[in-house]
Amino acid sequence: QPQVVQSGGGLVQSGGSLTLSCTAQGFTLNEALIGWFRQDPGSSREGVACISDIEGSSYYVRSVEGRFTVSRDYAKNAVHLQMNNLKPEDTSLYVCAVEPQALCSRNFMYLRYDYWSQGTQVTVAS
C-alpha cells in the first residue's frame, strides 16, 4: 500500500532547529512534487514550501524563506524540511503531501495531492 511516512518534529526553543522527513513507501518520489504544509486546530491549512524534480523547482512562502530548506534524499526516497531559527509562530502540525509528476510553484498549496503523511507536531517555546 503506497504511503508517506513522516518523522521528526518535537519541542525546541526559539531560535533552534528541527528537521522533518517524509519517506515514500511503495512508490518513488522521482519527479514528484512534495509540498509541506502546517495547520492549527480551527485554522485553514497553510502551505510552507515545496520541491520538485521538474525544472528543479522549489518555493518557500515568505514567512519561512531563508529559514527553512527543502531537500531531496534520493537514496532514501525521502524529502527533508530543515527548519532553522524557529519562532513561536512556527508552532503547528506539519504535514507533507505528494503529487506525482508536478511542478513546484507558488500555487502548490492549491493542487490536489495523491498522498498525505500523518503529520508531526512542531512546538517552538519562547
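What comes next is a walk through the structure.

What counts and what doesn't
- Residues numbered from 1 in each chain as written.
- Predicted model: local features only at pLDDT ≥ 70, side-chain atom pairs only at ≥ 80, totals over all residues.
- Heavy atoms only, no water.
- Helix = DSSP H or I, 4+ residues; strand = E, 2+ residues; numbered from the N terminus.
- Rg over C-alpha atoms; globule rule 2.2 N^0.38 Å.
- Buried < 20%, exposed > 50% of the residue type's maximum accessible area, 1.4 Å probe, protein only.
- Contact = heavy atoms within 4.5 Å.
- Pairing = 2+ DSSP bridges.
- Axes fitted to C-alpha atoms, helices over the stretch in contact; angles between N-to-C directions.
- Polar contact = N/O pair within 3.5 Å; in protein donor to acceptor, adjacent residues only side chain to side chain.
- Core = buried A, V, L, I, M, F, W, Y, C linked by side-chain atoms within 4.5 Å.

### Quick notes on the overall build of the protein
Moving on, step 1. Looking only at helices and strands, the protein features zero helices and 11 strands.
Moving on, step 2. Taken from the N to the C terminus, the helices and strands of the protein come in the order β-β-β-β-β-β-β-β-β-β-β.
Moving on, step 3. Taken over the C-alpha trace, the protein has a radius of gyration of 13 Å; the compact-globule value for 126 residues is 14 Å, and the two agree within 12%.
Moving on, step 4. If one aligns the C-alpha atoms of the protein with their principal axes, the spans along those axes are about 40 × 30 × 30 Å.
Moving on, step 5. A total of 126 residues make up the protein; the buried ones form 45% of that total.
Moving on, step 6. Contacts in the protein between residues far apart in sequence, at least 24 positions, make up 61% of those at least 6 positions apart.

### Details of the sheet that holds strand E7 (residues 68-73)
Note on sheets: strands pair through backbone hydrogen bonds, and any given pair is parallel or antiparallel.
Moving on, step 1. Ordered by their spatial adjacency, four strands build an open sheet running E1-E3-E8-E7, and the pairing between neighbours is antiparallel. Each edge of the sheet is formed by a strand with only one pairing partner; in this case those strands are strand E1 (3-8) and E7. Within the sheet, the average angular offset between the axes of one strand and its neighbour, ignoring direction, is 20 degrees.
Moving on, step 2. Two elements, strand E3 (residues 18-25) and strand E8 (residues 78-83), share six bridges in a ladder whose sense is antiparallel. When the sheet's bridge partners are listed, Cys-22 is paired in E8 with Val-79.

### Here we look at the side chain of Ser-57
Moving on, step 1. Along the chain, the position of Ser-57 falls in the loop between strand E5 (46-52) and strand E6 (58-60).
Moving on, step 2. Polar contacts involving the side chain of Ser-57 include one to the main-chain amide nitrogen of Cys-104, which spans 3.1 Å.
Moving on, step 3. If sequence neighbours within four positions are ignored, Ser-57 has contacts with Cys-50, Ile-51, Ser-52, Leu-103 and Cys-104.

### Considering the nonpolar core
A general tendency of soluble globular proteins is for nonpolar side chains to be buried together.
Moving on, step 1. Ranked by size, the top nonpolar core spans 28 residues in total, and within it Ile-34, Trp-36, Phe-68 and Met-83 carry the most contacts.
Moving on, step 2. Of all elements in the fold, only E3, strand E4 (33-39), E5, E7, E8, strand E9 (92-99) and strand E11 (120-125) reach the threshold of two or more residues within this core.
Moving on, step 3. Here Phe-68 is in contact with Arg-38, Val-48, Tyr-60, Leu-81, Gln-82, Met-83, Asn-84, Leu-86, Asp-90 and Tyr-94, once residues within four sequence places are set aside.
Moving on, step 4. Counting residues in hydrophobic clusters, the runner-up holds nine residues, among them Cys-50, Ala-97, Cys-104 and Phe-108.

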